[in-house]
Structure formats: C-alpha cells, structure tokens
Amino acid sequence: MISIPHKTKHFLVLLIKLLIVGGAFYFIYNQLANNNKLDWAQFLVLFEKKQSVVGISFLLLLSVLNRFFEILKWKNLVSVIHKISKVEASKQVLSALTAGLFTPNGVGEYAGKAMFFEKSETKKVLFLNLICNGIQMVLTIFLGVFGLLYFNAQYNVITTKTVIILFGVLILIFGSLFLVKKLTIKGYSIEKLIHKINEIPKSIHQKNIFLAVCRYFVFSHQYYFLFLAFDVDLPYLTLMAAITAVYFLASSLPTFQFLDFAVKGGLSIYIFGILGVNEWIVIFITTLMWFLNVVIPVIIGSYYVLNFKVPLTPEVGNKN
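Please read these numbers as outputs of a predicted model, since none were measured by experiment.

Caption draft 1: Representation of the overall build of the protein chain within the structure. Helices and strands together make up the secondary structure of the protein chain, namely 12 helices and 0 strands. Overall, the protein chain shows an N-to-C arrangement of helices and strands of α-α-α-α-α-α-α-α-α-α-α-α. Among the 320 residues that make up the protein chain, the fraction classed as buried is 43%. With an accessible surface of roughly 18,200 Å², the protein chain has 70% of that area assigned to carbon and sulfur atoms.

Caption draft 2: Local environment of unusual backbone geometry. Residue Asp-231 is not a glycine yet carries a positive backbone phi of 60°. For Asp-231, the position within the fold is in the loop between α9 (202-229) and α10 (236-251). We classify Asp-231 as partly exposed; its relative accessible area is 49%.

Caption draft 3: Geometry of the packing of helix α6 (residues 122-155) against α9. Where α6 meets α9, the closest approach of the two axes is 10 Å, and the angle between their N-to-C directions is 55°. Accordingly, the angle class assigned to the pair α6 and α9 is oblique. The hand of the α6/α9 crossing is right-handed. Contact residues: Ile-131, Ile-135, Gln-136, Leu-139, Thr-140 and Leu-143 in α6; His-205, Asn-208, Ile-209, Ala-212, Val-213, Arg-215, Tyr-216 and Phe-219 in α9. For the contact of α6 with α9, the per-class residue count stands at 9 nonpolar, 4 polar and 1 charged.

Caption draft 4: Expanded view of α10. The end-to-end C-alpha distance of α10, which contains 16 residues, comes to 23 Å, matching closely the 22 Å that a straight helix rising 1.5 Å per residue would cover. Within α10, 12 of the 16 residues are buried, which leaves it mostly tucked inside the rest of the structure. Buried within α10 we find Thr-238, Leu-239, Met-240, Ala-241, Ala-242, Ile-243, Thr-244, Ala-245, Val-246, Tyr-247, Phe-248 and Ala-250.

Caption draft 5: Inspection of the pattern of salt bridges at higher detail. Scanning the model with the defined rule gives 3 salt bridges in all. For the salt bridge of Lys-73 with Glu-70, the shortest nitrogen-to-oxygen distance reads 3.2 Å. With Lys-73 and Glu-70 both in helix α3 (residues 53-78) and 3 residues apart, this pair spans about one turn of that helix. Taking relative accessible area as the criterion, Lys-73 reaches 0% and is therefore assigned buried. One network of salt bridges, with partners in common, ties together Glu-70, Lys-73 and Arg-215.

Caption draft 6: Representation of the packing of aromatic side chains in the model. Under the definition given, this model contains 15 aromatic pairs. The interplanar angle of 70° and the centroid separation of 6.4 Å between the aromatic rings of Phe-230 and Trp-280 together place this pair among those described as edge-to-face. With Phe-230 in the loop between α9 and α10 and Trp-280 in helix α12 (residues 279-306), this residue pair connects regions lying 50 residues apart in the sequence. A residue is classified by how much of its surface remains accessible, and Phe-230, at 10% relative accessible area, is buried. Each member of the aromatic cluster is reached from another via a ring pair, and the members are Tyr-216, Phe-219, Tyr-223, Phe-227, Tyr-247 and Phe-272. Here the guanidinium or amino end of Lys-113 rests over the ring plane of Trp-74, the centre of that ring lying 4.2 Å away.

Caption draft 7: Structural view of the nonpolar core. Of all hydrophobic cores here, the largest spans 29 residues; its most connected members are Phe-227, Ile-243, Phe-272 and Val-277. For this core, the elements supplying multiple residues, two or more each, are α9, α10, α11 (260-274) and α12. For this core, the leading source of residues is α10, giving 8 residues. Residue contacts for Ile-243: discarding those within four places in its chain leaves Ser-220, Tyr-223, Tyr-224 and Phe-272. Of all hydrophobic cores here, the second largest spans 19 residues; its members include Leu-77, Ala-89, Val-125 and Ile-204.

Caption draft 8: Structural context of helix α4 (residues 86-99). Across its 14 residues, α4 extends 20 Å between first and last C-alpha, which sits within 8% of the 20 Å expected from 1.5 Å per residue. The element α4 is largely enclosed, with a buried count of 11 among its 14 residues. Those residues of α4 lying buried are Glu-88, Ala-89, Ser-90, Gln-92, Val-93, Leu-94, Ser-95, Ala-96, Leu-97, Thr-98 and Ala-99.

Caption draft 9: Quick look at the UniProt feature "transmembrane region" (unreviewed entry) in the protein chain. Mapped onto this structure's residue numbering, the UniProt feature "transmembrane region" (unreviewed entry) falls at residues 12-32, 52-69, 125-151, 163-180 and 280-306. Secondary structure within residues 52-69 divides into 94% helix and 0% strand; the distance between the first and last C-alpha atoms comes to 26 Å. Along residues 280-306 the backbone is 100% helical and 0% strand, and the end-to-end C-alpha distance reaches 36 Å.

Caption draft 10: Just the environment of Val-213, in detail. Mapped onto the elements, Val-213 comes out in helix α9. Separated by 77 residues in sequence, Val-213 and Gln-136 have C-alpha atoms that sit 7.9 Å apart.

Caption draft 11: Molecular detail of a positive patch on the surface. A surface patch of positive charge is lined by Lys-123, Lys-124, Lys-192 and Lys-196. Put simply, the parts of the chain that give the positive patch at least two residues each are α6 and α8 (190-199). With respect to the helices, strands and loops of the structure, Lys-123 is situated in helix α6.

Each value, and the rule that gives it
- Residues numbered from 1 in each chain as written.
- Predicted model: local features only at pLDDT ≥ 70, side-chain atom pairs only at ≥ 80, totals over all residues.
- Heavy atoms only, no water.
- Helix = DSSP H or I, 4+ residues; strand = E, 2+ residues; numbered from the N terminus.
- Buried < 20%, exposed > 50% of the residue type's maximum accessible area, 1.4 Å probe, protein only.
- Areas by Shrake-Rupley, 256 points an atom, 1.4 Å probe, with all protein chains shown as cover.
- Axes fitted to C-alpha atoms, helices over the stretch in contact; angles between N-to-C directions.
- Parallel < 35°, antiparallel > 145°, perpendicular 65-115°, else oblique.
- Left-handed = near helix turned anticlockwise from the far one by under 90°.
- Contact = heavy atoms within 4.5 Å.
- Nonpolar A, V, L, I, M, F, W, Y, C, P; charged D, E, K, R; others polar.
- Expected span 1.5 Å × (residues − 1).
- Salt bridge = Lys/Arg side-chain N within 4 Å of Asp/Glu carboxyl O.
- Phe/Tyr/Trp six-rings, centres within 6.5 Å; stacked < 30°, edge-to-face > 60°.
- Lys NZ or Arg CZ within 6 Å of the ring centre and 35° of its normal.
- Core = buried A, V, L, I, M, F, W, Y, C linked by side-chain atoms within 4.5 Å.
- UniProt positions renumbered as here; feature names shortened; annotations may be inferred.
- Patch = residues over 30% accessible without salt bridge, like charges linked within 9 Å, V, L, I, M, F, W, Y side chains within 5 Å.
- Lys, Arg positive; Asp, Glu negative; His and termini not counted.
- Charge placed at Lys NZ, Arg CZ, Asp CG, Glu CD.

What follows is the structure, given as structure tokens:
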C-alpha cells in the first residue's frame, strides 16, 4: 500500500471538505438564482399579504421534526454497532445530507455517514443506511400507489386497463424477485439480504417503522399546509392523494438531490394542474419545501463537514 504523509492526508481531507461545501452552496445558489419560473416579486407580494409569525413558526417546526425523526431513525439503527447520542446522530445525518446533495439519488449520503466510523465497520454502516432509507421508500411506494389510485378514480388520468397492466407488471417483478432470491451475484443474494435484515432485533425494526411513518406524516402535511397558506381550496383526501402521488412518482425517477425540487416541481405542475392549481403557486410551494427541508439542513450540515475530523481510534465512532 502507498503511505500518504500526515500533512498531505490532512490537506486532502480539507480539500474534500471545501469541495463538498462549496459544491453544495453553488448548486443551491444556482437553482434559486437562475430559475426563470420563480417570480420573486409576485411571491413577496403574496408573502406580505399572508405573512404570519405563527404560520412561519409552524412550518419551520415541521421542518425540524422532519429531520429530527430522521436523526432518531439513524440513532436507533446505528445502535446495532454503537450507542451514539442525538447530537452525534445529528452530525452524521446532516453531514451525510450535505455530502449527498450533488450525487445521483443521494448516494454520497452513504459515504457521508460511513466516514464517521472505522473502515472495518463501513459495510455495516452502509447496510444500516440502506435499511434507514429503504423503509422510507417502502412507505412512499405503498402510500403513493393508494394515492395514485384514489386520484385516478376521481380524475381518470389513465384507463382502468392501464392500471391493471401496471399492477400485473408489479406482481410479475415481485414474483420474479421471490423466485430468484437464491441467485447470487458477487456473493450477494436477496435471501442473504433478508437474513441480514432479520439479524437486527425486531424492537429496532418496529421503532424504525414508527419513526418513518411519523416522518412521512410530517413532510406530507407540511406540503398540505403550504397549499392551504396559498389559498388552494381542495378536499383533504384529494390534496393528500396528489401529494403522495407526487412523492411516489418523484422517488421512482433517478435524479440528484439538488435537482429534487425541479423533478418534484415538474410532476407537481402536471398533477396539480389537473386539479386547477396555478402553476406558479405549485412552483413556489415545491421550492419552499426544498428550501425548508434540504437547503437549511445542508447549511447546518456544512458546518459539521468543515469541522469533521477523521476517526483515529475505534472509540471515535462511539461518543456517548
């Protein structure tokens, strides 16, 4: 192995930190400053008309709860390796969010969390992060499918025949996965994955599912309350069905975290356009959701990234 001098190693770590933080801030600025569809003058007029300290505080509280439930999920899961404090879990989650901002489907988040642990624990950390994100994805798919079905029943976006075909394809995919669960690719198989999941205590899985449900409830209703704030008067079930459908469709598309609001924005314009909601309102709400739940946490995460120190001993990963 090639030995890297101590000073060179520190310089490389500093360079990576600056690239992560600099890249994150560049992408945030670029999306907010160069989005031609955002009419800030129109937004400020409406904001001055609707501004409410209670309303703004409530929306910020939902953003805090959104990330707090994610932090509790990670603290719960990582206890399989080490017991860590909420503060340490916050550092790891927010740093990972910053690192994953400009990587495809947030894959940088996996490396972001792994850097807080010893190399010997990397595989375990990556696996636990897969479980952490996986349960959120399962909820998004499950509730999103029901949302799409309800939405489609009301507005007939696609035909019944198409719905049946789509369900047939899904059943075929899941059936195929079950049949080939013993198929091994580079030492990994679905059966082996299920076995590893079952090795985690049921109490941890149950808590993980509960926290994931809480998080989904928070960010989906934050979306809902923003529509109410912009005077969108639609039945609760119709609006929530549209919101769950947007999240489901957006999660199905490969994208970058920093483009997340653009993808959701495009889908939202189509879905909410069917409901008669003005395009600019949809764009602003989607952008605000992105700002509240991604930009603000990334700014905080940038501080943790810049202050990150490479673990030198096995005890570093366990600070509590």
